[in-house]
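# Examining the three-dimensional arrangement
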Amino acid sequence: MDQNENTVWQSEAMISLRNLRVSYGEREILHGISFDVKRGETLVILGGSGSGKSTLLRTLVGLENPTSGEIWLKGKNIAAISAAEMDEIRKKVGMSFQGGALFGSMSVGENVALPLREHTKLEDSTIEIILRLKLDQVGLAGFENYMPSQLSGGMKKRAAVARAMAMDPEILFFDEPSAGLDPIIAAGVDQLILDLKKAFHMTIVVVTHELASAFLIADRMVLIDKGNVIAIGTTAELRSSTHPRVRQFLDRIAEPEVSQELDYLQMLTEENPRRGF
Amino acid sequence: MELATQIGGSVLDGLAYLGALANLGVRAAYFTFVGPFRGRPFRFQRAISQAMQVGVRALPILSLITFFIGLILALQSAYELRKFGAINYVASAVAISMTRELGPLITAIVVIGRSGSAFAAEIGTMKVTEEIDALETMAIDPIHFLVTPKFVAMMIMLPCLTIWANSMGILGGALFGVAQAGFTVHRYVIASLDSLFLRDIASGLIKSVMFGITITAVGCHEGLSTGAGAEQVGRSTTRAVVVSIFLVILVDLVFTALFFFLSER
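Description of the structure in this document. (Residues numbered from 1 in each chain as written. Chains lettered and ligands numbered in written order. Predicted model: local features only at pLDDT ≥ 70, side-chain atom pairs only at ≥ 80, totals over all residues.)

### Brief notes about the interface of chain A and chain B
Listed by partner, the interface residues are 14 residues for chain A and ten residues for chain B. Contributing elements (two or more residues each) for the side of chain A that touches chain B: helix H3 (83-90) and helix H4 (108-119) of chain A. If one sorts the elements of the side of chain A that touches chain B by residue count, H4 of chain A sits on top with four residues. A per-class count over the side of chain A that touches chain B returns eight nonpolar, two polar and four charged. (Contact = placed C-beta atoms within 7 Å. Helix = DSSP H or I, 4+ residues; strand = E, 2+ residues; numbered from the N terminus. Nonpolar A, V, L, I, M, F, W, Y, C, P; charged D, E, K, R; others polar.)

Shown next as structure tokens:
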């Protein structure tokens, strides 16, 4: 483990993926993904529907187990650690879910304070102060007593970010931050991500298929297609890429719609689907 | 051969299901009895609010149903007893069938309808909206946070509700006793109490604790195994109710048989 740690950590990488493979049942979704996320950068994982980008994110936060490969996160290979060690890492990692995933039975304030109440022995008054601070950072000051159902889509997402930041994480993950939001609200969420990066120098990983948003917030991008990394680089590098699939994705060139079930499954898995079913 | 394979498969599935329920129960027991000594405090507040929901709010409907059941029992047993001029035994017939069997069973069925289904729907919805995932990414164990308080609330409230149901059933019987069998309320209650042994009441309460464990385990397990999409929540809720009713009756049979052979001597 030590020797691995050295090779991986020379690069100042916050997260390192090495030949990561993930399967659901017999269907392999990710076919050997490798890349690094550097400390303090915003990395956007781009990909179409069914490309495996959401599975990749779920694997990064430990919600799915890889079939093989390594995920180095804060110096530990989370593909091979105990549940207790994973919990320690999770306290330093924040995740903002697509729909917000706020607990409907709790107020916004209780949602944001939950990780603090669970994992720290802070006084209620201290938690109250942190809570106000976090809500202020996401532009929701004064909304602590609202229930999630009373918030608009954009506000829910902001509240979810506040909750993800409650424990002062070093890494923040976003799943489709602008999904389901109108362009103006979505731009607000993009701005929030930029602000967080500027203010806290956090390492941020965003999964999205929104090109405009991706190019605005990213330092570097990874383009995933059918479970493989097909391009990785800065926004400028990606823009000048000549890879046909990258061009197709960035230039938004339509693909003939698949209408056959087998073609669809094949498109998703790139395997002969008859084998897996 | 085909049939044998199918039967074998179903038996294995059934055992795997029971295994999953047992796993859930054991983990909840760990968080109740061991967790607090390992720095994972027990959630009294959540357990109390669950107990309110499961227990106290069920009282009006449960009272009404068990009162009627007591009355029905009195009518049905009087139909037979009066042929022998033994209508006075209505009190003991009602009291014994309520405390040994119908009190715990009707309570369990009301609680399945109110709370078993609610557990599955609540946890299933949280699963669909990624709230369970969110708990996990915050290093909060969903079993500790969601399931354990429900187990504790159920195991405490179900016997309490059963005692209440027993009393309401006897009261329902008393209505018939007073109106038709020449009892006074006081004499009816005395006659009921005289006919009961402690083991009648205790066996019913032990059963009700087991019912509580079964209902919570099934409701929470169905919730946690909800797939993606809103219609899956409905499916989980339905399954929670059907499976709970079946398993409660099965547990009832096992324990009734057990008590029968234990008291035989």
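Let us keep going from here.
### Some details on the packing of helix H8 (residues 198-224) of chain B against helix H9 (residues 230-262) of chain B
Residue and element names in this part refer to chain B. Contact pair H8 / H9: the axes reach a minimum separation of 9 Å and the direction vectors enclose 155°. In this view, H8 runs roughly antiparallel relative to H9, as classed from their interaxial angle. Here H8 runs over H9; the crossing is right-handed. Counting all contacts with H8, which are made through Ser203, Ile206, Lys207, Met210, Phe211, Thr214, Ile215, Val218, Gly219, Glu222 and Gly223, the residues of H9 involved are Ser236, Arg239, Ala240, Val243, Ser244, Leu247, Val248, Val251, Asp252, Phe255 and Phe259. When the residues that make up the contact of H8 with H9 are grouped by side-chain class, the tally is twelve nonpolar, six polar and four charged. (Axes fitted to C-alpha atoms, helices over the stretch in contact; angles between N-to-C directions. Parallel < 35°, antiparallel > 145°, perpendicular 65-115°, else oblique. Left-handed = near helix turned anticlockwise from the far one by under 90°.)

### As for the sheet that holds strand E7 (residues 171-175) of chain A
Residue and element names in this part refer to chain A. Strand order in the open sheet formed by six strands is E6-E7-E8-E3-E9-E10, and the pairing between neighbours is mixed. Only two strands of the sheet have a single partner each, and these edge strands are strand E6 (93-96) and strand E10 (228-234). Across the sheet, the axes of successive neighbouring strands diverge by a mean angle of 15°, strand direction being ignored. Across the sheet, helix H7 (residues 183-200) lies against strand E3 (42-47), E7 and strand E8 (203-208), angled at about 160° from E8, the strand it touches most. (Pairing = 2+ DSSP bridges.)

### A look at the pairing of strand E9 (residues 220-225) of chain A
All names here are of chain A. Where burial is concerned, most of E9 is hidden: five out of the six residues are buried. When E9 meets E10, the two strands line up antiparallel, connected through six bridges. Bridge assignment links leucine 223 to a residue of E10, and that residue is alanine 231. Between E9 and E10, which pair antiparallel one after the other, the connecting turn spans two residues, and lysine 226 there sits at a positive phi close to 50°. (Buried ≥ 20, exposed ≤ 12 C-beta atoms within 10 Å, placed from the backbone.)

### Focus on the packing of helix H3 (residues 59-81) of chain B against helix H6 (residues 142-180) of chain B
All names here are of chain B. In contact at an axis separation of 7 Å, H3 and H6 are set at 45° when each is read in the N-to-C sense. By the criterion of interaxial angle, the relationship of H3 to H6 is oblique. Relative to H6, H3 is oriented so that their crossing is right-handed. The class makeup of the residues in the contact of H3 with H6 is 18 nonpolar, eight polar and no charged.

### A few points about the environment of tryptophan 72 of chain A
Residues and elements named next belong to chain A. Within the fold, tryptophan 72 resides in strand E4 (residues 68-73). Its 21 C-beta neighbours within 10 Å are what place tryptophan 72 among the buried residues. It is 8.9 Å that separates the C-alpha atoms of tryptophan 72 and alanine 13, two residues lying 59 residues apart in sequence.

Scope: geometric values only; no functional claims are made or implied.
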